[in-house]
Amino acid sequence: MTKIQVLPPEEARKIAAGEVIDRPAALVREFMDNAIDAGCSLVEVSIEGGGIIRTEVSDDGEGMAKEDLELCWLTHATSKIRSLDDLKIAETLGFRGEALAAASAVSHLEILTSQNGREAWKLDVGPGEKSPPLLEQSLRSRGTSVRALGLFDTIPARKRFLKREGSEAASCKAIFNDKAMAFPSLGFRFMQDGTLKTFLSPASSLKERFSQIVISGNEASFLHEIAASGTGFSAVIVVGGPEIFRNDKRQQYIFANGRRIQDYSLTQALEYGVQGWFPNGTHPVGAVFVDIDPALADFNIHPAKREVRFAAPGSIHHAITSALRDFCHHRNLSTAPTDEN
Ligand code: ADP
Ligand code: MG
């Protein structure tokens, strides 16, 4: 007998799926991305048991045709790109066609969708589905609900690594906040174990949405919104003044094209830009939202898209630092008690 065995496709699928969906928060991220890509105006996230028992995201977006619903859960099934070249122009949050496939490999998936707000179709699938799943006719208002039940119930080796419900729920909420922060014009709701925890009505600016999520009470009046731009990109910086300094960098957020990313250089740009304005050893609260031509950034280097490779990272860093420095400079001039000599 040979030592090497080719894994049965279902086992291989479960292993690959674990890279995309490693915990309930990943379901929240992927389903919210899909809702936003579907052009919705309201996203509702509802979790039960830290999202392990149930994670559900409903939207009022464009919905899916019956034929698309039949395909959407298959590996590499996507309506968003046709080839790798399309990544250079893709404006959507999703493009790999992996999320629903992964979710259906590691949980039981129910999708209910309607394009016209009357007739709807419901798909029930996985985990470990061999024959094509059946569709049932149903009713729903326009949009889609995606529900994942019993995450990792069939994969005990992975289920063991989930944290307690409370901490999985906190991760789901953090992802919810990140998404909501980047899309201020949309409304968002978060339900936990049947209780409405958060309702964010549509906001008129990134600054207003930031204050709904991060800032408490009267601190909002110390927030500023500053624009920056360069070749192929623009950015909005939301930053709190020294009146609301922090002792750590925990309330600093970087986004690129609607995705929260980890980017050391841009976090540093936020700090450099306000140097001299803040007491030594303190840090600003703030967020940088970069909007970049997809041809100048590669989002395809991390399964969760948490990292981005920019074609010209230096120019973004520079634009942000200078915009902040200009802002601080003008502010100091206008608030200086006496003139400069
Ligand atoms: P991707 O987002 O990378 O295309 P997914 O596996 O997340 O891949 O979704 C597969 C396809 O299913 C999407 O391309 C889209 O056509 C459809 N879809 C998924 N969720 C929704 C939704 N909430 N509303 C409308 N269509 C959806
Ligand atoms: Mg997707």
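Since the model is a prediction, treat every value here as computed from it, not as a measurement.

Reading the values: rules and limits
- Residues numbered from 1 in each chain as written.
- Chains lettered and ligands numbered in written order.
- Predicted model: local features only at pLDDT ≥ 70, side-chain atom pairs only at ≥ 80, totals over all residues.
- Helix = DSSP H or I, 4+ residues; strand = E, 2+ residues; numbered from the N terminus.
- Rg over C-alpha atoms; globule rule 2.2 N^0.38 Å.
- Buried ≥ 20, exposed ≤ 12 C-beta atoms within 10 Å, placed from the backbone.
- Contact = placed C-beta atoms within 7 Å.
- Pairing = 2+ DSSP bridges.
- Axes fitted to C-alpha atoms, helices over the stretch in contact; angles between N-to-C directions.
- Near = placed C-beta within 6 Å.
- Nonpolar A, V, L, I, M, F, W, Y, C, P; charged D, E, K, R; others polar.
- Parallel < 35°, antiparallel > 145°, perpendicular 65-115°, else oblique.
- Left-handed = near helix turned anticlockwise from the far one by under 90°.
- Core = buried A, V, L, I, M, F, W, Y, C linked by C-beta atoms within 7 Å.
- Domains from an automatic or database assignment.
- Expected span 1.5 Å × (residues − 1).

Topic: the overall build of the protein chain
Part 1: A count of helical and extended segments in the protein chain gives 9 helices and 15 strands.
Part 2: In terms of overall size, the protein chain behaves like a compact globule, its C-alpha atoms giving a radius of gyration of 22 Å where 341 residues would be expected to give roughly 20 Å.
Part 3: Its C-alpha atoms give the protein chain principal-axis dimensions of about 85 × 50 × 40 Å.
Part 4: A burial count over the protein chain gives 43% of its 341 residues as buried.
Part 5: Partitioning the intrachain contacts of the protein chain with sequence separation of at least 6 by distance along the chain shows that 65% fall at a separation of at least 24.

Structural notes on the sheet that holds strand S11 (residues 252-256)
Part 1: Here 5 strands make up an open sheet; going across it, the order is S9-S10-S13-S11-S12 and the pairing mixed. The two strands at the open ends of the sheet, each matched to only one other strand, are strand S9 (223-230) and strand S12 (259-261). Averaged over all adjacent pairs, the angle separating strand axes in this sheet is 25 degrees, with direction ignored.
Part 2: Note that strand S10 (residues 233-240) and strand S13 (residues 286-292) share 7 bridges and pair antiparallel. Bridge pairing in S13 links Ala-235 to Val-290.
Part 3: Contacts between helix H7 (residues 206-213) and the sheet are confined to S9, S10 and S13, with S9 contributing the most and set at about 135 degrees to the helix.
Part 4: Each of S10, S11 and S13 touches helix H8 (residues 264-273); the most contacted strand, S11, lies at about 125 degrees to it.

Focus on the site of ligand 1
Part 1: With respect to spatial proximity, 25 residues lie near ligand 1, and among them Asn-34, Thr-78, Ser-79, Gly-94 and Ala-99 are the closest.
Part 2: Taken together, the elements giving at least two residues each to the shell around ligand 1 come down to helix H2 (24-37), helix H4 (99-106) and strand S6 (143-149).
Part 3: Residues of the shell around ligand 1, tallied by class, amount to 10 nonpolar, 8 polar and 7 charged.

Looking at the packing of H2 against helix H6 (residues 165-182)
Part 1: With their axes 8 Å apart at the nearest point, H2 and H6 run at an angle of 25 degrees to one another. In terms of orientation, H2 and H6 fall into the roughly parallel class. The two elements H2 and H6 cross, and the hand of that crossing is right-handed. Contacts between H2 and H6 involve Pro-24, Ala-25, Val-28, Arg-29 and Met-32 on the former and, on the latter, Glu-168, Ser-171, Cys-172, Ile-175, Phe-176 and Lys-179.
Part 2: Its residues assigned to classes, the contact of H2 with H6 shows 7 nonpolar, 1 polar and 3 charged.

Observations concerning the nonpolar core
In globular proteins that are soluble, nonpolar side chains generally tend to be buried together.
Part 1: Formed by 89 residues in total, the largest nonpolar core has its most connected members in Val-28, Phe-255, Val-288 and Ile-320.
Part 2: It is H2 that provides the largest number of residues to this core, a total of 8 residues.
Part 3: Counting contributing residues, this core receives three or more from each of domain 1 (9-200) and domain 2 (215-335).
Part 4: Excluding residues within four positions of it along the chain, Val-288 makes contact with Ala-235, Ile-237, Ile-254, Phe-255, Leu-266, Leu-270 and Ile-320.

Quick look at the environment of Ile-111
Part 1: Inspection of the secondary structure puts Ile-111 in strand S3 (residues 108-114).
Part 2: Owing to 24 C-beta atoms within 10 Å, Ile-111 belongs among the buried residues under this scheme.
Part 3: For the pair Ile-111 and Lys-249, spaced 138 residues apart in sequence, the C-alpha separation works out to 39 Å.
Part 4: The residues contacting Ile-111, other than those within four sequence positions of it, are Leu-69, Leu-123, Thr-144 and Val-146.

What to know about the domain arrangement of the protein chain
Part 1: Partitioning the protein chain into domains gives domain 1 (9-200) and domain 2 (215-335).
Part 2: For domain 1 versus domain 2, the separation of C-alpha centres amounts to 30 Å.
Part 3: The partner domain 2 presents 12 residues to the 13 residues of domain 1 that form the contact.
Part 4: Elements represented by at least two residues in the side of domain 1 that touches domain 2 include exactly helix H1 (9-20) and H6.
Part 5: For the side of domain 1 that touches domain 2, the leading source of residues is H6, giving 3 residues.

Some remarks on the sheet that holds strand S2 (residues 54-59)
Part 1: Spatially, 8 strands are ordered S5-S4-S3-S6-S2-S1-S7-S8 in an open sheet, and the strand pairing comes out mixed. Since the sheet does not close on itself, it has two edges, and those belong to strand S5 (135-139) and strand S8 (195-200), each with one partner. With strand direction ignored, the average angle separating the axes of adjacent strands in the sheet is 15 degrees.
Part 2: Direction of pairing for strand S4 (residues 119-125) relative to S5: antiparallel, over a ladder of 5 bridges. When the bridges of S5 are listed, Trp-121 appears paired with Gln-137.
Part 3: Where H6 meets the sheet, its contacts fall on strand S1 (42-48), strand S7 (187-192) and S8, and the angle it forms with S7 comes to roughly 175 degrees.

Some thoughts on the packing of H6 against H7
Part 1: Taken N-terminus to C-terminus, the directions of H6 and H7 make an angle of 160 degrees; their axes are 8 Å apart at the nearest point. The angle between H6 and H7 places the two elements in the roughly antiparallel class. The crossing of H6 and H7 is right-handed. Mapping the contact onto sequence places Asn-177, Ala-180 and Met-181 in H6 and Arg-209, Phe-210 and Ile-213 in H7.

Remarks on H2
Part 1: Along its 14 residues, H2 runs 20 Å from first to last C-alpha, staying within 8% of the 20 Å computed at 1.5 Å per residue.
Part 2: Counting buried residues along H2, 14 of its 14 residues qualify, which places the element largely inside the surrounding structure.
Part 3: Backbone geometry just after H2 places Gly-39 at a positive phi near 70 degrees.

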